[in-house]
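Fold and geometry: a report
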Amino acid sequence: MTTLDIVIPVYNEGDGLIAVLESLRQAVTTPLRVLVCYDHEEDISLVALRRYAGATFEIVTVKNQGIGAHGAIVTGLKASTAPAVLVLPADDTYNAGIIDHMVQRLQEGCEIVAASRLMKGGGMVGCPWLKNLLVRAASATLFALARIPTHDATSGFRLFSRRVLERIPIESSLGFAFSLELLVKCHRLGWAIGEVPAQWFERTTGRSRFRLFAWLPTYLRWYGYAFATTYLRRPASTVRIRSPYHGAAHPSVLSEKAVGGASRGLADCGRVQHHLPSAIADGKWQDKAAEVAFFTAQANVARYQALTDRSSAALIERCLRLSGLTAGGRVCDLGCGSGVFTDLLRQHGLQAVGMDLCYPLLAVGQRRFAEVPFVVGDAETLPLRSETLDGLLLSGLIHHLPDPSRLAREAFRVLKPSGAFVAFDPNRQNPFLWLYRDSVSPLYSSKGVTQNERPIMAHQVVQVFSDAGFVVSTDFCSVSYRYVASSVLRWLLPLYNRLEALLFAPPAVRRYRAFVLTAGMKP
């Protein structure tokens, strides 16, 4: 499978393009495809390309559907399909050696990786003095004052994740300003940005398509956007964004072999434009950018799995008994994370698909559970057809939602008549969880939680799902933890697990156990 698409906009490059392709052949080990984007059929780059026979990767020519350099690049980005997409200058024969490293940074959780000329190890040679001054001044102020996490914010040589290209529509229409635009929007969304050092040499052959003064107003727009994020506190909800993979899965996440009939309920809803809700004044919207940023970081924690294997298995068995879900049923595991519970559902014979907002965490799951299908999606706006599923598992999801009523309505919509949901969440009535995780507690710790999280009260959840039309029941269970974010408390987990099991074993105190289980049937 191709991991990387490289978009190269050309304009009469001739044999210079062949030199770039040769540098890729010799230095890049990542499976790749090259998209050569041209303006007209007479471009001498195409003549040189037809003579070239040394490539060990696929080369596709793409006719520019727009105007100029911007049109060529955007056309190439739209034609790309790989999880990682690199925009490479048509005269760059000297940076191929850093491309594998850039892809590695993306796989570690970054959404954009900049090839930075201005960080340690990078360099600019032969740049005209005015362009050099403006580039350095803009990048320095964006890094130091606007807090954009790259030393070189204006370079067009950049690697993008599929998520960026699918979710963020490009509003710029000139030059390479799209690159700065996507960077500052990712910054506002809280998505991870990385950089690696790169070299840059002023073009000595061919024709440069850089138009400093013509493009300057567009650059200034996104320059101001970055400062508005930092100093005017513009939230993630102000970023114009597409809905997350409605009707489709990320090509590097979804296991085609495993999907079968389990995901046929996915709707082809198109790319509807909407604002991703953020935590607003009434406190009823989940800050999804914060959720994604937090769990992207967790994807890099090798030991990240909160419960012990035994406790996870027992929890799923209890959930299935409470909900009445049986083998053969089509179930979606919402908030599945790395897919531990999705895999357990499949072990019980259910046709289970995992869904989560966080692509990097799903990628961890796909590596661990190759036969499990995963889809990127939002539980509050499910990309699922109505009345298509037998069951839903809400995997520790409700306590991440300030207002779970949207989730309840979506769950009711997508379940068949007599279909059921089951949820598990931390119990606010458990004294240990109250002390550690309730924000009103004097011993509250915010380490290892997002700003959206709070333990739940069982009766409140029952009310929300009853209002949505479900017949609801509740149970409680104790669990054993294998991981918490605090390195100090991690040493106390064996003691906590023992106390939890002993103190709350009697039925009379069951309502104080660590987890609330909520199940509901659609009449």
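In case you missed it, the structure is sitting above this.
Some words on the overall build of the protein chain
A count of helical and extended segments in the protein chain gives 18 helices and 18 strands. Within the protein chain, buried positions represent 57% of all 523 residues. Nonlocal contacts in the protein chain, meaning residues at least 24 apart in sequence, comprise 77% of its contacts between residues at least 6 apart. Summing over all exposed atoms, the protein chain offers an accessible surface of approximately 22000 Å²; the carbon and sulfur share of this is 56%.

A few points about the sheet that holds strand β1 (residues 4–9)
Strand order in this open sheet of 7 strands is β3-β2-β1-β4-β7-β5-β8, and the pairing throughout is mixed. Two strands close off the open sheet at either side, each with one partner strand: β3 (58–63) and β8 (193–197). Looking at each pair of strands side by side, their axes are set apart by 20 degrees on average, direction ignored. Bridge analysis of strand β5 (residues 112–116) against β8 gives 5 bridges, and the strand direction is parallel. Bridging from a neighbouring strand, I112 pairs with I193 of β8. Set on the sheet, helix α7 (residues 177–189) makes contact with β4 (84–87), β5, β7 (158–161) and β8; between it and β7 the angle comes to about 50 degrees.

Some words on the packing of aromatic side chains
Tallied over the entire structure, the rule returns 11 aromatic pairs. A centroid spacing of 4.9 Å and a plane angle of 75 degrees characterise the contact between F421 and F470, whose relative ring orientation is edge-to-face. With F421 in strand β16 (residues 415–426) and F470 in the loop between α16 (458–467) and β17 (471–477), this residue pair connects regions lying 49 residues apart in the sequence. Side by side, F421 and F470 carry an identical accessibility label, which is buried. Here the guanidinium or amino end of R163 rests over the ring plane of W191, the centre of that ring lying 3.6 Å away. It is R188 that lies over the ring of Y225; its NZ or CZ is 3.7 Å from the centre.

Quick look at the pattern of salt bridges
Following the criterion strictly, the structure yields 16 salt bridges and no others. The partner of E171 in a salt bridge is R221, with the nearest N and O atoms 3.1 Å apart. Placement of E171 in the loop between α6 (162–167) and α7 and of R221 in helix α8 (residues 212–231) is noted, with a sequence separation of 50 residues between them. The salt bridge involving D475 is made with R318; its shortest N-O contact spans 3.2 Å. Of this pair, D475 sits in strand β17 while R318 sits in helix α11 (residues 309–323); the two residues are 157 residues apart in sequence, bridging distant segments of the chain. For R318, a relative accessible area of 25% corresponds to the partly exposed category. Through salt bridges that share partners, E171, E181, K185 and R221 make up one connected network.

Topic: the state of the cysteines
One pass over the structure, following the stated rule, counts 0 disulfides. Counting only cysteine sulfurs, C332 is the nearest neighbor of C336, a cysteine outside any disulfide, at a range of 7.6 Å. With relative accessibility at 5%, the residue C336 sits in the buried group.

A look at the sheet that holds β17
Pairing within the open sheet is mixed, and its 7 strands lie in the order β14-β13-β12-β15-β16-β18-β17. On the outer flanks of this sheet lie β14 (374–376) and β17, each paired with one strand and no other. Along the sheet, successive strands turn relative to each other by an average axial angle of 20 degrees, direction set aside. In this sheet, strand β18 (residues 515–521) lies alongside β16 in antiparallel orientation, the contact comprising 7 bridges. Residue pairing for β18: V422 is matched across the bridge by A519.

Some thoughts on the pairing of strand β2 (residues 32–38)
Every regular strand shows the same layout, with side chains that alternate between the two sheet faces. Counted residue by residue, β2 has 7 buried out of 7 residues, so it is predominantly covered. Going residue by residue along β2, you find L32, V34, V36 and Y38 tucked away on one face and R33, L35 and C37 tucked away on the opposite face as well. The sheet contact formed by β1 and β2 spans 6 bridges and is parallel. Across the sheet, residue P9 finds its bridge partner in β2, namely C37. On the question of chirality, the crossover connecting β1 to the parallel β2 by way of helix α1 (residues 15–27) is right-handed. Sheet topology note: the β2/β3 ladder contains 6 bridges and is parallel. Bridge assignment links C37 to a residue of β3, and that residue is V62. In this fold, the crossover linking β2 to β3 by way of helix α2 (residues 44–51) has right-handed handedness.

Thresholds applied
- Residues numbered from 1 in each chain as written.
- Predicted model: local features only at pLDDT ≥ 70, side-chain atom pairs only at ≥ 80, totals over all residues.
- Heavy atoms only, no water.
- Helix = DSSP H or I, 4+ residues; strand = E, 2+ residues; numbered from the N terminus.
- Buried < 20%, exposed > 50% of the residue type's maximum accessible area, 1.4 Å probe, protein only.
- Contact = heavy atoms within 4.5 Å.
- Areas by Shrake-Rupley, 256 points an atom, 1.4 Å probe, with all protein chains shown as cover.
- Pairing = 2+ DSSP bridges.
- Axes fitted to C-alpha atoms, helices over the stretch in contact; angles between N-to-C directions.
- Phe/Tyr/Trp six-rings, centres within 6.5 Å; stacked < 30°, edge-to-face > 60°.
- Lys NZ or Arg CZ within 6 Å of the ring centre and 35° of its normal.
- Salt bridge = Lys/Arg side-chain N within 4 Å of Asp/Glu carboxyl O.
- Disulfide = S-S within 2.5 Å.
- Right-handed = clockwise from strand over helix to strand, strands pointing away.

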